[in-house]
Amino acid sequence: MNFEWTDEQQAFREKLRTFLAAELPDNWESIAHHGPGSAEITAFSRQFCGRLAEAGMLFPHWPVAMGGQGLDAWYQTILAEEMWAAGEPRGAQYMNVNWIGPTLMKYGSQEQKKTLLPPIVAGNAIWCQGFSEPNSGSDLASLRTRAVLDAGEYVINGQKIWTSYAGLADNCFLLTRTSDDRKRGITILIVPMDTPGITVRQIPSIIGEGDIHEVFFDDVIVPESARFGDEGQAWEIISYSLRNERLGIPRYHLARCALDRAVGLLKTNGGWKGEAVKIEAARAAALTETARNACYAIVDKRVKELPIGPEASSARYNVVMAERAVSEFVVEYLPQALIDGEPYLKMHHQRGIVAGIASGAAEIQLNIIATEVLELPREPR
Amino acid sequence: MELALSDDQIQILDAIDTLAKPYASVPIHDISFALTSEELDRELAEGGFLDVAAMEELGPETAALVVERLARLPFAVEAAASALVRPLLDPELPRPLCLIQDGAVGRAVRFLKPGATVVYLCDGVVCSFTANTDHVVEAQDESIFAYPMAVLKALPSEIEMRKYNVSADEVLTQWRIGLAAEASGLMAAALAATVTYVSERKQFGRPIATFQALRHRLAEAQVLTNGAYWMTMKAAVTRDPGDAALAALHAQEAARRVTYDFHQFLGAMGMTLEHPLHLWTYRLKALMSELGGRGANALAAAEAIWG
């Protein structure tokens, strides 16, 4: 085994850090704590991602045939770590390079590729993901937003909720029901967010502005060509696309950076004395590092093109533990930092609450571990 | 980064599994607090499994793997100190090895007996002596901790101890890696035994494993156990004092979280000596206090990471 980065990987990380140091404005942390879906970060991301693209670092992990450099998942991890630790200046566009772009390439029609990929590649495209509904959260396959094909057009009616970035998105990657067959009755439509009949209402949230919304669809009409893949193919497509997204955000890294920042502050304000504070800091570090290693074990498999199994759920739950431990450490030993003056810790604290809730609740991860890793007999339904 | 096992490592672990097959389960009707086997111990030593750390292509990471794998057996084997600390001192030191720090006199020590090599860390100095009846009081009763243990009665005079030109910090780092490796294996085996039981035991007409109250706590135990394995391996590869202290800390934290749960899930069966669960969990309990316990390992980690 070897836990070291290669010289090339280290150089890539340094290049990213140099880029970030040059491109982020002096007041960046004050902007970043508004949240990745905020108007401030969204506007900033449209310029920032463009420059990142020019520097060849927006999607270096995409295959060469897609315009990338064909770098492996370790580079994607380094890219994500550095961006996320800096407060994610890519805003919502991290999603484009992680899975929307690659999914368009794999499943999109020629027309969809031609129109939808160029803005992503240019670093100027905001997407939202129309998945959860008021009665379909963890049980996503029960979704009810209906799309009816009529004379070459789909008429969409229903409601989505918790939709990140919806207020400022250009397009929605929308899951709709086209038949009653639970999973095989779900179809993806790509819907421009300025289509008549769409109403977006922002939900005030702890995470920051622009991060969660309700989206209403009232007789929204899109052409049949907006369908992505075949009718009923949605479950197959999103299972493929989101397999890698389970670990898309390297939260362990921001958590560790926040912990290091907190210890640094405690050292300057006189709080780093006595044993209790040091013991608690180390306990939090033990969890950020177990989470990091558990995630790296999965990246290692991805690089080797080995199948990723339920161990991804185990790694994700470990990340939740780490996020909570660091947040609790700051709450206990540096509460003032969350009230004033320390946007970085505030940013971490606000975003940390998402870890156990978004992209599949922590309890769902525990269910998957119980059934698929430990192979316990299934619960009765 | 390369996080897969090498072919050599896979072969060594396979060889251990083959050798240890007769020891993979508890002898029928055995109701010991601790289970040991001189024959197993001899076979492991003769097979060179405890000497892999010194082999260039294998190193301490393979030693940690060996310790982790052996800890999964219901039989307690003195492997961690021999495989990870002994190579730093003298590969010929007679086994078993007992690791102690200042303040150990009057306390029970794992694997202590006349003839054992005691490695003593005091004020940054590393020394050793061969235990004899002057130093050792056999435990009056069988120890509850599932290790053979005896009380250290006295230390020999300084002049009777052999001193090593090795830093105590280096020994501590290897000790912590050994502790984490052993705890990882114990947790993995205890988790597996608990999973088997709750999958078979039926109440209310269905396996008790189908109740979410157990499933989620067992799943958390899996996350902690997986974390302990990876922390151990990282520390064994880097030999970094901070990584080693974090690995030991996490192992002790995790052990504390899981041991009572595992017994709890076995119900009354978890109170018996007929089910072997205690052979893993009570070793884990012994390891919880090693190297000063969580607090001391956390302080060592904080010092190494943040100064």
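Residues numbered from 1 in each chain as written. Chains lettered and ligands numbered in written order. Predicted model: local features only at pLDDT ≥ 70, side-chain atom pairs only at ≥ 80, totals over all residues.

Peer 1: So, the overall build of chain B: which residues are in play, and what are the values?
Peer 2: When its secondary structure is counted, chain B shows 9 helices and 9 strands. Expected size for 307 residues packed as a compact globule is a radius of gyration near 19 Å; at 19 Å, chain B falls within 12% of this value. Each of the three principal axes of chain B carries a C-alpha extent, and together these read 70 × 50 × 40 Å. With 307 residues in all, chain B has 50% of them scored as buried. Residue pairs in contact within chain B that sit at least 24 positions apart in sequence constitute 70% of those at least 6 positions apart. (Helix = DSSP H or I, 4+ residues; strand = E, 2+ residues; numbered from the N terminus. Rg over C-alpha atoms; globule rule 2.2 N^0.38 Å. Buried ≥ 20, exposed ≤ 12 C-beta atoms within 10 Å, placed from the backbone. Contact = placed C-beta atoms within 7 Å.)

Peer 1: Lay out the sheet that holds strand 6 (residues 149-152) of chain B with the relevant residues and their values.
Peer 2: The strands that make up a sheet are held in pairs by hydrogen bonds between backbone atoms, and each pair lies either parallel or antiparallel. All names here are of chain B. As summarised here, the arrangement of the 3 strands in space is 2-6-5, forming an open sheet in which the pairing is antiparallel. Unpaired on one side and paired on the other, strand 2 (108-110) and strand 5 (136-138) mark the two borders of the sheet. In this sheet, neighbouring strand axes are inclined to one another by 45° on average, regardless of whether the strands run parallel or antiparallel. Pairing analysis gives 3 bridges linking strand 2 to strand 6, with the strands arranged antiparallel. Its bridge partner lying in strand 6, A108 is registered against V151. (Pairing = 2+ DSSP bridges. Axes fitted to C-alpha atoms, helices over the stretch in contact; angles between N-to-C directions.)

Peer 1: Residues and numbers for the interface of chain A and chain B, please.
Peer 2: Taken together, the 35 residues of chain A in the interface contact 38 residues of chain B. Secondary-structure elements contributing two or more residues to the side of chain A that touches chain B are helix 9 (275-303), helix 10 (311-333) and helix 13 (362-373) of chain A. A total of 15 residues in the side of chain A that touches chain B trace back to one element, the largest contributor, which is helix 9 of chain A. Of the residues contributing to the side of chain A that touches chain B, the split by class is 22 nonpolar, 5 polar and 8 charged. (Nonpolar A, V, L, I, M, F, W, Y, C, P; charged D, E, K, R; others polar.)

Peer 1: Quick rundown of unusual backbone geometry? Include the residues and the values.
Peer 2: Between B:R95 and B:P96 the backbone carries a cis peptide bond, its omega angle lying at -5°. Within the secondary structure, B:P96 sits in the loop between helix 4 (80-89) and strand 1 (97-101). Unusually for a residue other than glycine, A:E305 sits at a positive phi of about 55°. For A:E305, the location among the structural elements is in the loop between helix 9 and helix 10.

Peer 1: How would you summarise the packing of helix 1 (residues 7-23) of chain A against helix 4 (residues 73-85) of chain A if you had to cite specific residues and measurements?
Peer 2: All names here are of chain A. Close contact between helix 1 and helix 4 brings their axes to 10 Å; oriented N to C, the two are set at 30°. On the basis of their axis angle, the class for helix 1 and helix 4 is roughly parallel. Remark: the crossing between helix 1 and helix 4 carries right-handed chirality. Listed contacts from helix 4 to Q9, F12, R13, L16, R17 and L20 of helix 1 are W74, Y75, I78, L79 and E82. (Parallel < 35°, antiparallel > 145°, perpendicular 65-115°, else oblique. Left-handed = near helix turned anticlockwise from the far one by under 90°.)

Peer 1: If you had to explain the sheet that holds strand 7 (residues 162-164) of chain B to someone new, which residues and values would you point to?
Peer 2: All names here are of chain B. If you walk across this open sheet you meet the 4 strands as 1-3-4-7, and the pairing is mixed. At either end of the open sheet lies a strand with only one pairing partner, and these are strand 1 and strand 7. Ignoring strand direction, the axes of neighbouring strands in this sheet form an average angle of 25°. Examined bridge by bridge, strand 4 (residues 125-130) and strand 7 share 3 bridges and lie antiparallel to one another. Directly across from C127, in strand 7, lies its bridge partner K163.

Peer 1: Give me the domain arrangement of chain A: which residues, what numbers.
Peer 2: Residues and elements named next belong to chain A. Domain annotation of chain A identifies domain 1 (7-125), domain 2 (128-233) and domain 3 (244-373). The distance between the C-alpha centroids of domain 1 and domain 3 comes to 22 Å. Across the contact, 16 residues belong to domain 1 and 16 residues belong to domain 3. Going through the elements one at a time, helix 2 (28-32), helix 4 and helix 5 (94-107) are the ones with two or more residues in the side of domain 1 that touches domain 3. With 7 residues, helix 4 is the single largest residue contributor to the side of domain 1 that touches domain 3. (Domains from an automatic or database assignment.)

Peer 1: So what's going on with helix 12 (residues 343-352) of chain A? Residues and values would help.
Peer 2: Residues and elements named next belong to chain A. With respect to burial, helix 12 is a largely interior element, 8 of its 10 residues being buried. For helix 12, the complete set of buried residues consists of Y344, L345, K346, M347, H348, H349, R351 and G352. Contact partners of the buried residues in helix 12: helix 2, helix 8 (251-269), helix 10 and helix 11 (335-339).

Peer 1: Pulling in residues and values, what's your account of the environment of B:A183?
Peer 2: Residue and element names in this part refer to chain B. Residue placement: A183 occurs in helix 5 (residues 168-200). Looking at A183, the number of C-beta atoms within 10 Å reads 30, which means it is buried. Separated by 103 residues in sequence, A183 and A80 place their C-alpha atoms 10 Å apart.

Peer 1: Describe the environment of B:M269, with residues and values.
Peer 2: Residues and elements named next belong to chain B. You can see M269 is positioned in the loop between helix 7 (241-265) and helix 8 (277-288). Distance in space between the C-alpha atoms of M269 and R110 is 27 Å, their sequence separation being 159 residues. Other than its neighbours up to four places away in sequence, M269 contacts Y197 and H275.

Peer 1: Requested: an account of the packing of helix 5 of chain A against helix 6 (residues 110-121) of chain A, with residues and values cited.
Peer 2: Residue and element names in this part refer to chain A. It is at 10 Å that the axes of helix 5 and helix 6 come closest, and there the two elements cross at 160°. As summarised for this structure, helix 5 and helix 6 are arranged roughly antiparallel, according to the angle between their axes. Note that helix 5 runs across helix 6; the crossing there is left-handed. In this structure, helix 5 uses N96, I100, G101, L104 and M105 to contact helix 6, whose residues at the interface are Q112, K113, L116, L117 and I120. Classifying every residue of the contact of helix 5 with helix 6 by side-chain character gives 6 nonpolar, 3 polar and 1 charged.

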